[in-house]
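Chain residues, written in single-letter form:
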Amino acid sequence: MPSNKTMQGGKAFGLLKEQQRQKLEEINKEYLEDQKYRDEEGLAEKLESLKNKYAEFDLNDEGEIDMMGLKRMMEKLGVPKTHLELKKMIVEVTGGSSNTINYRDFVKMMLGKRSAVLKLVLLFEDKANSSPCKPDGPPPKRDITSLP
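Residues numbered from 1 in each chain as written. Predicted model: local features only at pLDDT ≥ 70, side-chain atom pairs only at ≥ 80, totals over all residues. Heavy atoms only, no water.

*Asks:* What am I meant to see in the nonpolar core here?
*Replies:* If you look at soluble globular proteins, the nonpolar side chains tend to sit buried side by side. Within the largest apolar cluster, 31 residues are counted, with the highest numbers of intra-cluster contacts made by L70, M73, M74, F106 and L118. In this structure M73 touches F57, I65, L118 and L122, once residues within four positions along its chain are discounted. (Core = buried A, V, L, I, M, F, W, Y, C linked by side-chain atoms within 4.5 Å. Buried < 20%, exposed > 50% of the residue type's maximum accessible area, 1.4 Å probe, protein only. Contact = heavy atoms within 4.5 Å.)

Here's what the structure looks like:
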């Protein structure tokens, strides 16, 4: 008879992902309440998008992006980096305090004024993926009263 563990694999993974998202959500709340970020335009949307991007590349769901996660991220974004470049990127984000990028460091980097290679890559990727603001579908119907 198969052990309970093998049958629970997908479920356990889903649970881990859910716990991870909860943690990220709590950190987002801290930023939303932080005076420093009060003036940040569209902060809630930005944090939501950062949370999703981060969760996508936190491969081991331990709340940190390690060297392999960063490597995968860069490859997926079409800008593969060498081991040394990845190391530099992590140092740039964490200030050299860690060899993994935690979510707080990630958000600080993305919302901060300082420019980091990872931030530039992600911002560039966002711009490349968002098409010019053209609404989908036919133009809205106009009635005679709305004409100039």
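What follows continues from the structure just given.
*Asks:* Sorry if this is basic, but what is going on with the confidence of the model for the protein chain here?
*Replies:* Any region with low pLDDT has predicted coordinates that should not be read closely. With 80% of its residues at a pLDDT of at least 70, the protein chain reaches an overall mean of 82. Per-element mean pLDDT across the protein chain ranges from 78 in helix 1 (residues 4-33) up to 94 in helix 4 (residues 83-94). Contacts of residues 2-7 to residues separated by more than four positions or lying in other chains number one contact, the stretch itself having pLDDT below 50. (pLDDT = per-residue confidence, 0-100. Helix = DSSP H or I, 4+ residues; strand = E, 2+ residues; numbered from the N terminus.)

*Asks:* Please clarify how helix 5 (residues 103-111) should be interpreted in this entry.
*Replies:* Within helix 5, seven of the nine residues are buried, which leaves it mostly tucked inside the rest of the structure. Among the residues making up helix 5, those that are buried are Y103, D105, F106, V107, M109, M110 and L111.

*Asks:* What exactly am I supposed to notice about helix 6 (residues 117-129) here?
*Replies:* One turn of an α-helix holds 3.6 residues; hence residues three or four places apart share an orientation. When the terminal C-alpha atoms of helix 6 are compared, their 18 Å separation across 13 residues agrees well with the 18 Å that a helix rising 1.5 Å per residue should span. Among the residues making up helix 6, those that are buried are L118, K119, V121, L122 and E125. All buried residues of helix 6 project into a common sector of 165° when viewed along the axis, lining one side. Of the exposed residues in helix 6, those oriented more than 90 degrees away from the buried face are F124, K127 and A128. Close packing links the buried residues of helix 6 with helix 2 (43-57), helix 3 (67-76), helix 4, strand 2 (101-102) and helix 5. (Expected span 1.5 Å × (residues − 1). Arc of directions from axis to C-beta.)

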